[in-house]
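What follows is the residue order along each chain.
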Amino acid sequence: MKKLKDTPFYRKALQEINYSFGNYYLFDSFIIAEINEDVLFTWENHGKRVAEDLTNLYDNDGQDYVLITHRINAYSVMPTDWIKFFKNSYKLKGYAIVSYTRAGFLNAGLEKIFLKSKVKRFKSLENAIAWAQEIANSKTLSS
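What you see is a predicted model; the values in this text were computed from it and never measured.

### Observations regarding the overall build of the chain
Check the secondary structure of the chain and you find four helices and eight strands. Listing each helix as α and each strand as β along the chain from the N terminus yields β-β-β-β-α-β-β-α-β-α-β-α. The globule rule puts the C-alpha radius of gyration for 143 residues at 15 Å, and the 14 Å found for the chain is close to it. C-alpha atoms of the chain, sized along the principal axes, occupy 30 × 30 × 25 Å. Across the 143 residues of the chain, 48% fall into the buried class.

Given below as structure tokens:
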């Protein structure tokens, strides 16, 4: 498993946003997140700031974008915090979870329960990007 920076996809990123807890890479129709090792990702400490920053950059609520979480590091997500994301009127066209471990793949299933978007789990970044591009180009909003 390679960091996005170590793949050919990195050159296609339009912008990179670095936070103390991880990095976000912005593309035309999708965003790739790589969260740092041992972070407990919560709405209050991380998600709200990212959602606000990306909403301001893209000038929309996310309804046209797919988020790919590239889980190259071991970290935790509060799955119930997705409810707060949607209660704050944010949206996603799709959500891809790339995990390289069995435990990570199973944890993604729990997170999927709280999402209102199309969600798919992957074992490779390449496949997740292909899916994100396919979803982003579809005309229907997934809610």
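Moving on, there is more to tell.
### Quick look at the sheet that holds strand β5 (residues 66–71)
Sheet strands associate in pairs through backbone hydrogen bonding, adopting either a parallel or an antiparallel arrangement. If you walk across this open sheet you meet the six strands as β1-β2-β3-β5-β7-β8, and the pairing is mixed. Of all the strands in the sheet, the pair left with one neighbour each is β1 (15–19) and β8 (118–122). Taken over all neighbouring pairs, the strand axes of this sheet differ in orientation by 15° on average, direction set aside. Strand direction decides the pairing type here: strand β3 (residues 30–35) and β5, joined by four bridges, are parallel. Bridge pairing in β5 places A33 opposite T69. Against the sheet, helix α1 (residues 43–58) makes contact with β1, β2 (22–26) and β3, and its axis sits at roughly 155° relative to β1, the strand it touches most. Its contacts with the sheet place helix α3 (residues 102–112) against β5, β7 (94–99) and β8, and it is angled at close to 175° to β8.

How each quantity is defined
Residues numbered from 1 in each chain as written. Predicted model: local features only at pLDDT ≥ 70, side-chain atom pairs only at ≥ 80, totals over all residues. Heavy atoms only, no water. Helix = DSSP H or I, 4+ residues; strand = E, 2+ residues; numbered from the N terminus. Rg over C-alpha atoms; globule rule 2.2 N^0.38 Å. Buried < 20%, exposed > 50% of the residue type's maximum accessible area, 1.4 Å probe, protein only. Pairing = 2+ DSSP bridges. Axes fitted to C-alpha atoms, helices over the stretch in contact; angles between N-to-C directions. Contact = heavy atoms within 4.5 Å.

It is worth stressing that arrangement in space is one thing and function is another; only the former is reported here.
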